[in-house]
Amino acid sequence: SCSRAKSPPARGDELRALLWCNGQQPSKTVVEGLLEGAVCFGVDGGADRAAEAGYEVEQVLGDLDSVDSDRWRDRTYELADQSSSDLAKSLSLLIERGYNEIDIVGSDGGATSHFLGSWAALCEAPPGAVIRLHHEDSVTHRVHPQEGEREFAVRSGGEFSVFALTPCRSVHLHGARWEMDGAPMTLSTEGLHNVASGESVRIKADGVLVVIVPQN
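Anyway, here's the lowdown on the structure attached to this text. What you see is a predicted model, and the numbers here were worked out from it, not measured in a lab. (Residues numbered from 1 in each chain as written. Predicted model: local features only at pLDDT ≥ 70, side-chain atom pairs only at ≥ 80, totals over all residues. Heavy atoms only, no water.)

**Notes on the sheet that holds strand β13 (residues 200–205)**
The four strands are arranged β8-β13-β10-β11 in an open sheet whose pairing can be described as antiparallel. Strand pairing shows two members of the sheet lacking a second neighbour, β8 (150–153) and β11 (180–185), which therefore form its edges. Across the sheet, the mean angle from the axis of one strand to that of its neighbour is 25 degrees, orientation sign disregarded. One ladder, built from four bridges, connects strand β10 (residues 168–174) with β13; its direction is antiparallel. Within β13, the residue paired with V171 across the bridge is A205. (Pairing = 2+ DSSP bridges. Helix = DSSP H or I, 4+ residues; strand = E, 2+ residues; numbered from the N terminus. Axes fitted to C-alpha atoms, helices over the stretch in contact; angles between N-to-C directions.)

**Focus on the layout of surface pockets**
One number sums up the size of the largest pocket: a volume of about 470 Å³. When residues of the lining of the largest pocket are traced back to their parent elements, those giving at least two are α3 (86–96) and α4 (112–124). The element that contributes the greatest number of residues to the lining of the largest pocket is α4, accounting for four residues. Considering only residue class, the lining of the largest pocket consists of three nonpolar, 12 polar and five charged. (1 Å grid on protein atoms, 1.4 Å probe; cavity = no way out; pocket = protein on both sides within 12 Å on 5 of 7 lines; lining within 4 Å. Points joined across faces, edges and corners; volume = space filled by probe spheres on them. Nonpolar A, V, L, I, M, F, W, Y, C, P; charged D, E, K, R; others polar.)

**Remarks on the pairing of β11**
Bridge count between β10 and β11: four bridges; the pairing is antiparallel. Within β11, the position partnered with V171 by the bridge is A183. Connecting β10 to the next strand, β11, in antiparallel fashion are five residues, including G175 with a positive phi near 90 degrees.

**Describing the pattern of salt bridges**
One pass over the full model with this rule turns up 10 salt bridges. R49 serves as the salt-bridge partner of E52, at 2.8 Å between the closest nitrogen and oxygen. Note that E52 and R49 are positioned in helix α2 (residues 46–52) at a spacing of three residues, about one turn of the helix. E52 sits in the exposed class, given a relative accessible area of 52%. In this structure, the salt-bridge partner of D206 is R169, at a minimum N-O distance of 3.7 Å. Taken together, the residues span a long stretch of sequence, with D206 in the loop between β13 and β14 (209–214) and R169 in strand β10 at a distance of 37 residues. When its relative accessible area of 32% is taken as the criterion, D206 is described as partly exposed. For R169, a relative accessible area of 69% gives the class exposed. (Salt bridge = Lys/Arg side-chain N within 4 Å of Asp/Glu carboxyl O. Buried < 20%, exposed > 50% of the residue type's maximum accessible area, 1.4 Å probe, protein only.)

This is the structure:
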């Protein structure tokens, strides 16, 4: 089960969170490697989904309109602002609390608007944390301009995709068949189905990107 919350980390320490959303239930294969050393939070009704799967939830975050409030009476934190989604608000709150690694499960399935909303939440979230959105077949990594260069393990010949969530004037991408050296990029299919040429792909940009890497 997910561990209980610890005191805020000293500077330089890792504090990991697992955010469980109220979409399609993730398989055990997806969740398995994410639990160790992480504190589990439910995004609204995602708390019920995590508990049904047998995991301990530290706190329920969101506007609490789709969760069994009696069940979680003393473990809720209401985020009432209706101008952004529960996932976006939860990411901002956890980064404010000092979490610097956040894994998200249960965001797939359901309405198309929720799928696009998950990407929008990655775009809205402030800097300060590595954020990963886990799917059955892949992982979506948020790349923020304040993080500098990021490196991702992709086997040689393996496919990956890059999308710009905000307009970028300068994208640097190395270790791929189609590289970029300071080129501009907007939300388009330009970065779809690139191929790794070594054991890792390196990328940095002056806007927010997502890099989609297949599950190992």
